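Breakdown of the fold
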Amino acid sequence: MAFLGSAVRRVVSAVRPPLSPLCRTTTRSYSSEPTSEKSVPYEKTLKQQDGASSGPTKPLPRSADAVVIGGGSLGCQTIYHLAKMGMTNVVLLERDRLTAGTTWHTAGLLWQLRPSDVEVELLAHTRNVISKDLEEETGLHTGWIQNGGLFIASNKQRLDEYKRLMSLGKVYGIESHVLSPAETKDLYPLMNVDDLYGTLYVPKDGTMDPAGTCTTLTRAASARGATVIENCPVTGIQVRTDDFGIKRVKAVETSHGTIETPCVVNCAGVWATKLGEMAGVKVPLIAMHHAYVVTERIEGIQNMPNVRDHDASVYLRLQGDALSVGGYEHNPIFWDDVSDKFAFSLFDLDWDIFMQHIEGAINRVPDLEKTGIKSTVCGPESFTADHKPLMGEAPEVRGFFLGCGFNSAGMMLGGGCGRELAHWIIHGRPEKDMYGYDIRRFHNSLTDNQRWIRERSHESYAKNYSVVFPFDEPLASRNMRKDPFHQVLTEQGCVFQERHGWERPGWFNKDGPAPVIDYDYYGAYDIKKNTNYKYNELLGREYTFDFPPHHDVIKSECLSCRHGVAVFDMSYFGKFYLTGPDAKKAADWLFTADVNKKPGSTVYTCMLNKRGGAEADLTVSRLEPGAANLPLAPQSNGDAYYLAIGGGVAEHNWNHIRTVLQDQGFNCQLTDHSEDMGMISIQGPKSREVLQEVLDTDLSNEAFPFSSHKVVNAAGHQVRAMRLSFVGELGWELHIPKDSCLPVYNAVMAAGVKHGIINSGYRAIDSLSIEKGYRHWHADLRPDDTPLEAGLAFTCKLKSSIPFQGRDRLEKQKEEGLKRRIVCFTIDEKVPMFGLEAVFRNGVPIGHLRRSDYGFFIDKTIGYGYIRHPDGGVVSADFIKTGEFTLERMGVTYKAKAHLKSPFDPENKRVKGIYA
């Protein structure tokens, strides 16, 4: 028998011919490999035997309310939840048999703790479905095994990350324990703990069975009236264009008939891109080989927890009396020629690539060195640019939904995501905040850019087991979208962040330029690794859960803004015009605030979904009607509005507005001028003195009040000036045609020299804005938060009679009282917090921080989080005032003070120019 240890020695000694860069799609075999057996470690698969019927397992209906395509984990979970929510005229089409393609060979691990509150909730639902709900509904066992999970930490940073997870888990009632090396050895006697810093043990983690889970899900769905049809490949998607020019799903075509339907759900996994092409929908994922090996029997391994050794990039899954060993490598094999015939097939394992996992596994469980390999499992998996799934309605075609790109996590995320996807289909939006999975999180210019998809998917795969640090940035596919200030800011030491493809300023390095350069694939595929890469070195210094080394640089940028004047490049903002005959009707319905004040006014407002949740916050400026002066003003004979939206969520906002306009039948136009204008924000007590030298207009409070705008001349160039602040200071934004950006910027900087003007970035904005109590959408304001809960009631025109989307929900919530609400917390200790820290009131967990940063003016750590009453009652001001609050950070608790108002400038004087 060949053993794992000998496999390491043989393959390491083999001559390694070079991989052809990026496109290796075939594998090479060694005569010395331990086994040629390729099979999954499950007692049962759904692979059909030779000679089985090749036709559909059931007749096709003529029509359906929804057709789910793909019978893997997501397809089965989605049809189950659709049927459970009452949509029973639904069909699942699988081209082969259930689980074919990817699901059948998945490792089936379920870990309950992730560095995301939403993912913790999604995983909890999956666990409930497969461990309890399905068995109660069908009487069948899904194959769930609760053997626990063990996360390995080989260094302090890794253990700190696990302690963050433990603290978050307390809010959700998830049992977990940080163990010492000795305690770990007691729990898992076969483990080498000599190099351990500690571990995190989660007793109720476990393992799922693909065939058992999918079979039970479809039986439960069928019992409610859903139809599941196997052996029925889809050959086309019919799309119609309605009277308003909107593309909508019409029907699904197969060789055995056509099903008319207004809704298609793409759960086709690796094949999802091809299915999208049938409807003209872009599906930005890529297929890669993903592998694990199954060992022979190991004495003493029975009942051990599953293990994730992130620093060795390896996992060990209990398989009865054996282990499955797999992981994520920096040089995965791309599968470029995705075959339609690949159903229950496996690739040959490339031992060159896989050996790094074997070495890590043997280090962790030394008995593996003398353990034989029973079989190899190397199959296709789909991966995405940020290692998150692709979900939601596609921007290109109404009624075409995505449920794909699950990055090897389709089984464990399937239940939660299937439920949210079903809710999305039936009600138009999910219940939870699914923006992190929504296809609209990506800008439309990126979703068919093959370089971006490939590079970013590779980096996300290679870093899957890396510590999730608060300020990390991708290195892949940078410089995709650059504003007119990019080069001049680079020369001044700007350290850029990437958002929505844009390069936006993060902070300014005082030691000179640190440009972002082309991606090197971490040296894989014979690509020369970047050396002396200053930007990457600066990122590396941020890999800490303490204050970063340049904490004082951020402080300097913040305090220069608070005491003097700073310039922020915010050009990546989305810049849209809303015009047309129904523009006023649309604005009334879309925006929570009354934006129909006199032309020249600018209003901060929210947009809501039907459930009253905040889909966006933005500013809306009412424009004078008149001839076009693009990009500063559109052609308008009536009502017209200029929308300025955070650039990282511009695509989401664009699609939300467009969808509402379509659903309500408003006759108006939405146009995007984001690329045509730059935008700089000049903020601080001295901003008026600086800008008065540059702009040809009176900037006094009387002539240019807060929340107003006008087109003015700046150094001989027309710009739209808005008196607004994102940081809580006196200041103006200048929205500038791109060809005028640099002359205007240079004039502002020249005028500001005598006032000590500096460049500042978004790291400073994050600190300044949280200090003032301003919200960041998708941090402390999300689609599952209402404006009332978020402390933004002032943005809602509830005192008027004007209807707006979500108004009925807000009125009901206002009448019943808030069961959850946002609260500001400060602590006296000088320790950083980043969000996800647990909030306790009188020793009872009642929520967690959504967002946290350091406030340099008040010299304290500040956090914002939503809290609930332990008994489910109303969270009143008295409940907040009378409680004793603590925040738990990485297992350590800190006394906290709760604030009903921002501790910085609570009377809002500074934005009005009042500096006592």
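How each quantity is defined
- Residues numbered from 1 in each chain as written.
- Predicted model: local features only at pLDDT ≥ 70, side-chain atom pairs only at ≥ 80, totals over all residues.
- Heavy atoms only, no water.
- Core = buried A, V, L, I, M, F, W, Y, C linked by side-chain atoms within 4.5 Å.
- Buried < 20%, exposed > 50% of the residue type's maximum accessible area, 1.4 Å probe, protein only.
- Contact = heavy atoms within 4.5 Å.
- pLDDT = per-residue confidence, 0-100.
- Axes fitted to C-alpha atoms, helices over the stretch in contact; angles between N-to-C directions.
- Helix = DSSP H or I, 4+ residues; strand = E, 2+ residues; numbered from the N terminus.
- Parallel < 35°, antiparallel > 145°, perpendicular 65-115°, else oblique.
- Left-handed = near helix turned anticlockwise from the far one by under 90°.
- Nonpolar A, V, L, I, M, F, W, Y, C, P; charged D, E, K, R; others polar.
- 1 Å grid on protein atoms, 1.4 Å probe; cavity = no way out; pocket = protein on both sides within 12 Å on 5 of 7 lines; lining within 4 Å.
- Points joined across faces, edges and corners; volume = space filled by probe spheres on them.
- Phe/Tyr/Trp six-rings, centres within 6.5 Å; stacked < 30°, edge-to-face > 60°.
- Lys NZ or Arg CZ within 6 Å of the ring centre and 35° of its normal.
- Pairing = 2+ DSSP bridges.

1. Thoughts on the nonpolar core
- Residues L93, Y188, L323, L368, F400, C417 and F568 are the most contacted members of the largest nonpolar core, which totals 184 residues.
- Apart from residues lying up to four places away in sequence, L323 is in contact with Y188, V293, V294, T295, I298, I301, L316, R317, L318 and L368.
- Counting residues in each nonpolar core, the second largest holds 46 residues, with L608, C668, L788 and I862 among its members.

2. Quick word on the confidence of the model for the protein
- On average, the protein scores 94 in pLDDT, and the residues at 70 or more come to 96%.
- Contacts from residues 10-33, a stretch scored under 50 in pLDDT, to residues over four places away or in other chains number 46 contacts.

3. Details of the packing of helix α3 (residues 117-138) against helix α6 (residues 210-223)
- Contact geometry of α3 with α6 gives a least axis separation of 10 Å together with a crossing angle of 45°. The orientation of α3 relative to α6 falls into the category oblique. The interaxial crossing formed by α3 with α6 has left-handed handedness. Side by side, α3 and α6 meet where V129, I130, L134, E137 and T138 of the first sit next to T213, T216, L217 and A220 of the second.
- The class makeup of the residues in the contact of α3 with α6 is five nonpolar, three polar and one charged.

4. Things to note about empty space enclosed by the protein
- For the structure shown, the criterion picks out four cavities of 30 Å³ or more.
- There is about 160 Å³ of room inside the largest cavity.
- Around the largest cavity, the lining is made up of 15 residues, and of these F471, P548, H551, D853 and Y854 lie nearest the centre.
- For the lining of the largest cavity, the elements supplying multiple residues, two or more each, are α13 (551-563) and β35 (844-855).
- Considering only enclosed or pocket space, the second largest cavity measures out at about 110 Å³ in volume.
- Elements that contribute at least two residues to the lining of the second largest cavity include exactly β13 (285-295) and α8 (351-364).
- When its residues are assigned to classes, the lining of the second largest cavity shows seven nonpolar, four polar and two charged.

5. Considering the packing of aromatic side chains
- Enumeration according to the criterion identifies 33 aromatic pairs in this entry.
- Aromatic pair Y521 and Y525: ring centres 5.7 Å apart, planes at 80°, arrangement edge-to-face.
- The rings of F334, Y519, Y521, Y522 and Y525 are connected pair by pair, giving a single aromatic cluster.
- Here the basic side chain of R454 rests over the ring of F334, its NZ or CZ set 4.0 Å away from the ring centre.
- Residue placement shows R504 over the ring face of Y762; its charged tip is 3.9 Å from the ring centre.

6. With respect to the pairing of strand β14 (residues 306-309)
- Residue alternation in β14 divides its side chains into two sets, N306 and R308 and V307 and D309, and both sets are buried.
- Bridging between β14 and strand β15 (residues 314-319) involves three bridges; their strand directions are antiparallel. Within the sheet, the bridge partner assigned to R308 lies in β15 and is Y315.

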